[in-house]
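Each chain is listed here by its residues.
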Amino acid sequence: MKEQLAKIRAEALSAFEGIRDAAALDELRVRYLGKKGELTALLKQMGRLTPEERPVMGQLANDVRAALEKALEDCSAKLEAEALTAKLQAETLDVTVPGKAVKQGHKHPMYFALDEIKDIFVGMGFTVLDGPEVELAELNFDRLNAEEGHPSRDWSDTFYFDRDSRVMLRSQTSPMQVRAMDTMSLPIRIIAPGRVYRKDEVDATHSPMFHQVEGMVIDKNVTMADLKGTLNLLAEQLFGRGTVTRFRPHHFPFTEPSCEMDVQCHKCGGAGCATCKGEGWIELLGAGMIHPNVLRMAGIDPEEWSGWAFGMGLERTAMRRFKIADLRLIFENDIRFLEQF
Ligand code: PHE
């Protein structure tokens, strides 16, 4: 038995030496120290020994067990340390490697144009307002003097949310005129940029969603001359000195008289080309003197106060400002296009 113990000890210790991973180590543990292991099997034979031999062998067996357990522990500690070193090496960071450049977006040309427009109007004492895109038909139409049956209220032109045609995606920024009259004290000078929605098919000059900038002044003795002066100044500051504009009579339910303002085409200088569809002019905005009915509905006395308003297409303005030929470029957000500005 003594020899068997010595043999187990020698075999086990040399086996532990060669161990390279935790699974193999566990196998060895089971083989030598487990309940069905070689050492246990040997100890079960103690009963056959003489009473004198038993304590001696018992002591010897305990020594062997202790030696094996120690070897197991050492080996396991060694494996853990190796694993840690390997992990640290594998995860080494080279802090001197140059970083990957983060690709930044680019400001949209329409927002360059909008910022210029805001600057121009803020410089003239206007306040910039923001308002809801989901609007009441009451503010988008009724309060703007567009009574039931007005063609623009038609379901084929307007995105409504309900059967009663009461809630809609605003089709113009003009309801902001009403919101300003309802909440601000006179005199008022505001612009209100934002998205508007109409049931239009997408083409080179149309989109079901586009942007407008509304502008409005209400004060005493305000005339059409103020409107023209302000809009001419806007055109010169946006598009450069000497920019030629033209005012044409038009009709809007909420202004009287009404007009549209064109700027001379930047492509052909007025001769007529593809960009201006042969017209020589590009339509930029609708405007006019606020209709007395609109003032009255807001509780403002048209005998005492007068005002003007305009609504300009922001995409068109950006296209004219940056000489962009197709509206779709504005919405596609191709970075190669955007980076040119
Ligand atoms: N809301 C008009 C449109 O969308 C533009 C406009 C605004 C006209 C203000 C007159 C006064 O066409």
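Moving on to the overall build of the protein chain. From N to C terminus, the protein chain includes twelve helices and nine strands. Here the protein chain has a C-alpha radius of gyration of 43 Å; the compact-globule value for 341 residues is 20 Å, and the former is much larger. Over its C-alpha atoms, taken along the principal directions, the protein chain stretches across nearly 130 × 45 × 35 Å. Relative to its full complement of 341 residues, the protein chain shows a buried share of 42%. In the protein chain, once contacts between residues fewer than 6 apart in sequence are set aside, the share between residues at least 24 apart is 66%. Carbon and sulfur atoms form 52% of the exposed surface of the protein chain, whose accessible area is close to 19,200 Å². The averaged location of the 52 negative side-chain charges in the protein chain is 6 Å from the averaged location of its 43 positive side-chain charges.

What follows is about the nonpolar core. Of all hydrophobic cores here, the largest spans 39 residues; its most connected members are L231, L285, W308, F310 and M312. Among all residues touching L285, those that are not within four sequence positions of it are L231, C259, E260, M261, F310, G311 and M312.

A few words on the pairing of strand β7 (residues 255-264). Buried residues dominate β7, accounting for seven of its ten residues. Pairing of strand β6 (residues 245-252) with β7, which is carried by seven bridges, proceeds in the antiparallel orientation. Residue pairing across strands places H250 opposite S258, the latter belonging to β7.

This part is about the sheet that holds β7. Strand pairing in a sheet relies on backbone hydrogen bonds, with the paired strands running either antiparallel or parallel. A sheet is described by the order of its strands in space; here seven strands give the open sequence β1-β4-β5-β9-β8-β7-β6, paired in mixed fashion. Edge strands, defined here as strands with exactly one partner in the open sheet, are β1 (127-128) and β6. The sheet contacts of helix α10 (residues 314-322) involve β5 (209-219), β7, β8 (281-290) and β9 (306-313), and relative to β9 the element is tilted by about 65 degrees.

Let's shift gears to the packing of aromatic side chains. One pass over the structure, following the stated rule, counts nine aromatic pairs. Between the aromatic rings of W155 and Y160, the centroid separation amounts to 5.0 Å while the plane-to-plane angle is 40 degrees, which identifies the pairing as tilted. Taking the relative accessible area as the measure of exposure, W155 reaches 41% and is therefore partly exposed. Centre to centre, the rings of F337 and F341 are 5.1 Å apart; their planes meet at 70 degrees, and the pair counts as edge-to-face.

A packed helix pair is summarised by two numbers, namely the angle formed by the two axes and the spacing between the axes. Interaxial distance between helix α5 (residues 109-123) and α10 falls to 9 Å at its minimum, and their mutual angle equals 95 degrees. With respect to α10, the element α5 is oriented roughly perpendicular. Touching P109, M110, F112, A113, L114, E116 and I117 of α5 are L314, E315, T317, A318, R321 and F322, all from α10. Residue composition of the contact of α5 with α10, by class: nine nonpolar, one polar and three charged.

Further remarks concern the state of the cysteines. Here the structure, examined in full by the defined rule, presents zero disulfides. Free of any disulfide, C273 has its nearest cysteine sulfur in C268, 3.7 Å distant.

For the rest of this paragraph, the subject is the site of the ligand. Neighbouring the ligand are 14 residues, the closest being Q172, S174, R198, Q212 and G311. A distance of 2.8 Å is found between an oxygen atom of the ligand and a side-chain nitrogen or oxygen belonging to R198. In the environment of the ligand, an oxygen atom lies 2.9 Å from a nitrogen or oxygen atom belonging to the side chain of Q212. Coverage of the ligand by the protein amounts to 91% of the 330 Å² it exposes when considered alone. By residue number, the principal contributor to the shell around the ligand is β9, which donates three residues.

With that out of the way, let us pick up the pattern of salt bridges. Applying the stated criterion across every chain, the model contains 20 salt bridges. For K7, the salt bridge is made with E11, and the minimal N-O distance between the two is 3.7 Å. Of the two residues, K7 and E11 both sit in helix α1 (residues 2-17), four residues apart, roughly one turn of that helix. In this structure K7 comes out as exposed when scored by relative accessible area, which is 54%. For the salt bridge of D262 with R248, the shortest nitrogen-to-oxygen distance reads 2.7 Å. Of this pair, D262 sits in strand β7 while R248 sits in strand β6, and the two are 14 residues apart along the sequence. In this structure, a network of salt bridges that share partners links the residues R246, R248, E260 and D262.

All right, on to the side chain of T317 then. Tracing the sequence through the fold places T317 in helix α10. Residues in contact with T317, not counting those within four places in the same chain, are I117, L238, F239, L284 and M312.

The next subject is α10. Of all nine residues making up α10, seven are buried, and the element is well covered by its neighbours. For α10, the set of buried residues is L314, E315, T317, A318, M319, R320 and F322.

What counts and what doesn't
By convention here, each chain's residues receive numbers from 1 onward along its written sequence. Residue-level local features of this predicted model are given only where pLDDT is at least 70; pairs of side-chain atoms are given and counted only at 80 or more, and the full residue set underlies all totals for whole chains, interfaces and linings. As a rule here, side-chain values cover all heavy atoms of the structure and leave hydrogens and water aside. Put simply, DSSP H or I for four residues or longer makes a helix, DSSP E for two residues or longer makes a strand, and each gets a number counted from the N terminus. Here the globule rule reads 2.2 Å times residues to the power 0.38, and the radius of gyration is calculated from C-alpha atoms. Residue burial is assigned from relative accessible area. The probe radius is 1.4 Å, only protein chains are included, and a residue is buried under 20% of its type maximum, exposed over 50%, and partly exposed in between. Throughout, a contact is declared for two residues whenever any of their heavy atoms are within 4.5 Å. Per-residue and other accessible areas were derived by the Shrake-Rupley procedure at a 1.4 Å probe size, with only the shown protein chains allowed to occlude residues. Only four residue types enter the tally: Lys and Arg on the positive side, Asp and Glu on the negative side; His and the chain ends are excluded. Charge placement uses NZ in Lys and CZ in Arg. For Asp and Glu, CG and CD serve respectively. The definition of a nonpolar core used throughout is a set of buried Ala, Val, Leu, Ile, Met, Phe, Trp, Tyr and Cys residues joined through side-chain atoms within 4.5 Å. Pairing between two strands requires that DSSP report at least two bridges joining them. All axes here are fitted lines through C-alpha atoms, helices being fitted over the stretch that makes contact, and every angle between N-to-C directions spans 0 to 180 degrees. Each aromatic pair joins two rings of Phe, Tyr and Trp (for Trp, the six-membered one) with centres within 6.5 Å, and gets the label stacked for planes under 30 degrees apart, edge-to-face for over 60, and tilted for any other angle. Comment on the angle field: the value is read as roughly parallel under 35 degrees, roughly antiparallel over 145, roughly perpendicular from 65 to 115, and oblique elsewhere. Charged means Asp, Glu, Lys or Arg here, nonpolar means Ala, Val, Leu, Ile, Met, Phe, Trp, Tyr, Cys or Pro, and polar covers whatever is left, Gly included. The term disulfide is used for any two cysteine sulfur atoms that are within 2.5 Å. For each residue, the test is whether any non-hydrogen atom lies within 4 Å of the molecule or strand; if one does, the residue is near. Here a polar contact is recorded for every N or O atom pair within 3.5 Å, except that within protein the pair must consist of a potential hydrogen donor and a potential acceptor, and residues adjacent in sequence are included only if both atoms are side-chain atoms. Every case where a carboxyl oxygen of Asp or Glu lies within 4 Å of a side-chain nitrogen of Lys or Arg is listed as a salt bridge.

Functional significance is not addressed by these values, which are geometric in nature.
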